[in-house]
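Spelled out from the first residue to the last, the chains are:
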Amino acid sequence: MTGRVVTSRWNSTYLMLESSLPYEKVFASLHLHDRSYAYSPTSDQWRRAEKICEALEPFYEITNLISGSSYPTSNLYFMQVWRIECMLKEKLNNEDKVIKDMASKMHEKFEKYWKEYSIILAFGAILDTRMKLQFSNFCYSKLDPISAQEKRAHVKNKLYKLYEHYANKQNIASASSSTLTTSSEDRSRPTKGFKIFSEFKTFEDDTASSNGKSELDLYLEEPKLDLEKFQDMDVVMYWKDHSRKYPDLSVMARDILSIPITIVASESTFSIGGHVLTKYRSCIHHENVQILVTTRNWLHGFSHTQTGNIFL
């Protein structure tokens, strides 16, 4: 296996298993070439290693996605947390006792921190035009068909309430801006072409409102984009391009999708932590710390005294 292995990190176990599984037959015949090699895993142990590797794989992928040096948008949050919960529930009924016990402990931790999904971040998946409400409905149904309908209704209700808040806020802002620009419009008459486009936009808005449909209704009714064809789609750019079509909804989407899943790139921070805070800096004697603090305070007071003398 290549690369540095840190025994205290679970992903080292995954990387070790992933790199050794293709060489099962090599390990089985290694004693023919190396007499000092006395231990060879049994077939059952290899099968168990495959199951453990399979269980750890989604965690490894999601950790690289969320806790790496990049900052993914919030539309990815719902799918990844749901994926972990599905995997844990599936492993709870595994015939292998070791896998079952491992999944049980992991699921207990999962319930502690992720029993209730963040609704506002679930909106991120709905505002991804490749998923929308259909994907959240699918996720809830797969996790628990009994409570799925209640959860879907709750998320949809919260989504519409949030949209109404943004729509009312935008209407107030547009009304005040139109009042301020009335005098300037009188002085500079728009061209006929611009006037036609303005009337057409007003007609479209009136038609949509007369049908009782909001921007959110129109967005959800539109067909989804194919997830396989648009795997690398920039969701934030999508809303920027459709800001004229959905002026109120695009503002809401911008605010939701800008929420970071993690505050810092923790994986990178922990990896370089040993270079920043060495054992010599972290183990300084308390008397030396007191001397440094006292010296710093003295220098701080001295500098203020000198600064005061300059202005005297």
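Keep in mind the model is a prediction, meaning the values are calculated, not measured.

**A look at the pattern of salt bridges**
So, point 1. Applying the stated criterion to the full structure yields 12 salt bridges.
So, point 2. Residues Asp 128 and Arg 130 are paired through a salt bridge, measuring 2.7 Å at the closest nitrogen-oxygen approach. This pair shows no difference in class: Asp 128 is buried, exactly as Arg 130 is.
So, point 3. In this structure, Lys 213 engages Glu 221 in a salt bridge whose closest nitrogen and oxygen atoms are separated by 3.2 Å.
So, point 4. When salt bridges that share partners are traced, they join Glu 24, Arg 47 and Glu 50 into one network.

**Describing the environment of Pro 223**
So, point 1. On the secondary structure map, Pro 223 appears in the loop between helix 11 (215-221) and helix 12 (235-241).
So, point 2. Between the C-alpha atom of Pro 223 and that of Thr 129, which follows or precedes it by 94 residues, the distance is 8.4 Å.

**Considerations on the packing of helix 4 (residues 77-91) against helix 5 (residues 97-114)**
So, point 1. Relative to each other, helix 4 and helix 5 sit at 145 degrees, their axes nearing to 8 Å. Note that helix 4 runs across helix 5; the crossing there is left-handed. For the pair formed by helix 4 and helix 5, the contact residues are Tyr 77, Val 81, Ile 84, Glu 85, Leu 88, Lys 89 and Lys 91 on the first element and Ile 99, Lys 100, Ala 103, Met 106, His 107, Phe 110, Glu 111 and Trp 114 on the second.
So, point 2. Looking at side-chain class alone, the contact of helix 4 with helix 5 contains nine nonpolar, one polar and five charged residues.

**A few points about the side chain of Ser 147**
So, point 1. Residue position: Ser 147 is located in the loop between helix 7 (132-143) and helix 8 (148-180).
So, point 2. A relative accessible area of 17% means that Ser 147 is categorised as buried.
So, point 3. Side chain to side chain, Ser 147 and Asp 144 meet in a polar contact 2.8 Å long.

**Digging into unusual backbone geometry**
So, point 1. Positive phi outside glycine occurs at Lys 132, with the angle close to 55 degrees.
So, point 2. Here Lys 132 is to be found in helix 7.

What counts, and where the lines are drawn
Residues numbered from 1 in each chain as written. Predicted model: local features only at pLDDT ≥ 70, side-chain atom pairs only at ≥ 80, totals over all residues. Heavy atoms only, no water. Salt bridge = Lys/Arg side-chain N within 4 Å of Asp/Glu carboxyl O. Buried < 20%, exposed > 50% of the residue type's maximum accessible area, 1.4 Å probe, protein only. Helix = DSSP H or I, 4+ residues; strand = E, 2+ residues; numbered from the N terminus. Axes fitted to C-alpha atoms, helices over the stretch in contact; angles between N-to-C directions. Left-handed = near helix turned anticlockwise from the far one by under 90°. Contact = heavy atoms within 4.5 Å. Nonpolar A, V, L, I, M, F, W, Y, C, P; charged D, E, K, R; others polar. Polar contact = N/O pair within 3.5 Å; in protein donor to acceptor, adjacent residues only side chain to side chain.

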